[in-house]
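# A structural walkthrough
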Amino acid sequence: MPEQFDCDTCGRSVTADDAIRRETMGDLDRTQWQTLCCPDCGDRLRTVFVGPDG
Ligand SMILES: [Zn+2]
């Protein structure tokens, strides 16, 4: 079962595959962390660890 994130802004349920991936803000290593964003409204859903191999 794929992981899903509920968007607080528009209420959409977004799978990790559907989410827009962006670089994180702040000091996190961009090769290890990505921010998942809602494909509908663009709001940030969650910051996820992707590891050194992406
Ligand atoms: Zn949204």
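That block above? That's the structure.
Residue positions within a chain follow its written sequence, with the count starting from 1. The predicted nature of this model means local features are confined to residues of pLDDT at least 70 and side-chain atom pairs, given and counted, to a pLDDT of 80 or more, with totals for whole chains, interfaces and linings taken over all residues.

The next thing to look at is the sheet that holds strand 5 (residues 44-49). Strands are treated as partners if at least two bridges between them are detected by DSSP. Numbering of helices and strands starts at the N terminus; helices are DSSP runs of H or I of at least 4 residues and strands are runs of E of at least 2. Ordered in space as 3-4-5, the three strands form an open sheet in which the pairing is antiparallel. Each end of this open sheet is capped by a strand with a single partner; those strands are strand 3 (20-23) and strand 5. Averaged over all adjacent pairs, the angle separating strand axes in this sheet is 35°, with direction ignored. Pairing between strand 4 (residues 33-37) and strand 5: five bridges, direction antiparallel. Directly across from Q34, in strand 5, lies its bridge partner V48. Axes here refer to lines fitted to C-alpha atoms; in helices the fit is confined to the stretch in contact. Angles between the N-to-C directions go from 0 to 180 degrees.

These values are about where atoms sit, not about what they do.
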